[in-house]
Amino acid sequence: MLVSKKLPFYWRAVKNNDENRIAKFLDFSFTYSKKYNYIHQKISNKLKSQLSLMYKLNANIGHSHANNSFNLPYTKELIRFIISNSKKGDKILDIGCGGGLIAHYLQKLNYNVTGIDPSRFAKKQCKKLKIKLINDFFPSDKINEKFDIIFCVDVFEHIENPVKFLLNCKKFLKKNGKILISIPDETKSFKLGDSSMAMHQHINYFEKNTILNVLTHAGIKLKNLNYSSWGGSINLSALVPKVQKINKIFNSQLLYSKYKKKAEKNRRKIIYILDYLNKNNYTFGFYAPKRAFPYIFFKKNNYTYRLFDDNPLVYKKKIDGCEIVFENTVDFLKKPTDIIFIFSLSFGDIIKKRLIKRKIKSTSIFTLKDMLILSKENLIKKIKFSVKKI
């Protein structure tokens, strides 16, 4: 399923673009794995080479940061998840440790933590936080020990072959050791027909059944699974069973075909609404704007819009492929738009409540869920009724 022939290949927030080795746009399409039964992005050689280069450079989109307070509840929940599946003093390998935030918390709790990440950003941050780092891709010849816990937060969606990845994890796991995994839960997106999760860094897109398919193919046994209360993730712990058992495989083809049909219908509807707003000179903007890109950039357009995000790491900066500078809520309050779209299934209601508390009367607010569930006729009616044009 084609999402866009020209989707921004974003990987960092910068004031000035000074990197010409990375493409600003690449095409994006969904498909599913017949071999392992999960949904993933179609992978080209160009995409692989660009991702490999990007991860070695100073990428800063997608990492956990100490000064991003919005993600603090998510980080605390992950720490509790690790603690409940380990014991003090355990040796932990944090794969894809990024800014080292979780590793830093675990060190304070007397865990023996080693991070592995190929990025310059990780090298800089881990040095600052005094975290032992293997500055390389996993698996690496530089790993010379085994671990009680191998932890991967927001990693499985980034790797080309998650089954092979798990087989490599088993090599570095002590006897009775555990693999802890946290991944974005795309259940709502598949059910509602939402394409907003499409981004080049994310190769794989999981819900409960398809991540269990991956575990089964790698000979890994699920110990426990829970859904995060913040951020929309699946957290699971797994181990290598003493006796291999063949589990039933969930067929993802039906999931994919149903999702594809709904997603293409919703894409046409959302683009129709954006065309309508643009044609009738409404001002509009997006919160969680990167998730709006699969819709905005599906076709060439002349939309005029604004981007809002309260993450201080992107404020007054641009991301590759988009020349619009990120603003925050303060900027929005000073100069509201007629319409604001909140393109997040996980945080849409939270952000909407925050905006309503600020008593914004001149703006009509729509969440991504509204856009997916309501018909285009009802959306147009609500826009006409709620927005008072000056």
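So, a few notes on the structure that sits alongside this text. (Residues numbered from 1 in each chain as written. Predicted model: local features only at pLDDT ≥ 70, side-chain atom pairs only at ≥ 80, totals over all residues. Heavy atoms only, no water.)

### Examining the packing of helix α2 (residues 72-84) against helix α3 (residues 101-108)
Stated precisely, the cut-off is as follows: Between N-to-C directions, angles span 0 to 180 degrees; the directions come from axes that are lines fitted to C-alpha atoms, helices contributing only their stretch in contact. Counting from the N terminus, the helices are DSSP H or I runs at least four residues long and the strands are E runs at least two residues long. Note on terminology: angles under 35 degrees are roughly parallel, angles over 145 are roughly antiparallel, angles of 65 to 115 are roughly perpendicular, and the others are oblique. Note on convention: the crossing is left-handed when the near helix lies turned anticlockwise from the far helix by less than a right angle, right-handed when the turn is clockwise. Contacts between residues were defined by any pair of non-hydrogen atoms, one from each residue, lying within 4.5 Å. Each residue gets one of three labels, nonpolar for Ala, Val, Leu, Ile, Met, Phe, Trp, Tyr, Cys and Pro, charged for Asp, Glu, Lys and Arg, and polar for the others, Gly among them.
Look at α2 against α3: their axes get within 10 Å of each other, and the N-to-C directions meet at 50 degrees. By the criterion of interaxial angle, the relationship of α2 to α3 is oblique. Crossing of α2 over α3 shows right-handed handedness. The residues of α3 that touch α2, namely those facing Leu 72, Thr 75, Leu 78, Ile 79 and Ile 82, are Leu 101, Ile 102, Tyr 105 and Leu 106. Among the residues making up the contact of α2 with α3, the classes are represented as eight nonpolar, one polar and no charged.

### A look at the packing of aromatic side chains
Where we set the bar: Pairing of aromatic rings covers Phe, Tyr and Trp, the last counted by its six-membered ring, and requires centre-to-centre distances within 6.5 Å; plane angles under 30 degrees mean stacked, over 60 mean edge-to-face, and any other angle means tilted. The rule is simple: take the accessible area with a 1.4 Å probe, protein chains only, and divide by the maximum for that residue type; under 20% is buried, over 50% is exposed, in between is partly exposed.
Considering all chains together, one arrives at 27 aromatic pairs under this definition. Measuring from centroid to centroid gives 5.6 Å for Phe 286 and Phe 343, while their planes differ by 70 degrees, and the two rings are edge-to-face. Linking Phe 286 in strand β13 (residues 284-287) with Phe 343 in the loop between β17 (339-342) and α11 (348-357), this pair joins segments that are 57 residues apart in sequence. We classify Phe 343 as buried; its relative accessible area is 1%. Grouping aromatic residues by their ring pairs yields a cluster made of Phe 284, Phe 286, Tyr 295, Tyr 303, Tyr 305, Phe 341, Phe 343 and Phe 366.

### Observations regarding the nonpolar core
The tendency in soluble globular proteins is for nonpolar side chains to be buried side by side. Defined as follows: Throughout this description, the term nonpolar core refers to a set of buried Ala, Val, Leu, Ile, Met, Phe, Trp, Tyr and Cys residues connected via side-chain atoms within 4.5 Å.
Counting residues in hydrophobic clusters, the biggest one holds 50 residues, and the most contacted among them are Phe 30, Phe 286 and Phe 341. The leading source of residues in this core is helix α8 (residues 252-279), at ten residues. Apart from residues no more than four positions distant in its own chain, Phe 341 is found in contact with Ile 273, Leu 274, Leu 277, Phe 284, Gly 285, Phe 286, Tyr 287, Phe 366 and Met 371. With 32 residues, the next largest nonpolar core counts Val 163, Phe 172, Ile 220 and Ala 238 among its residues.

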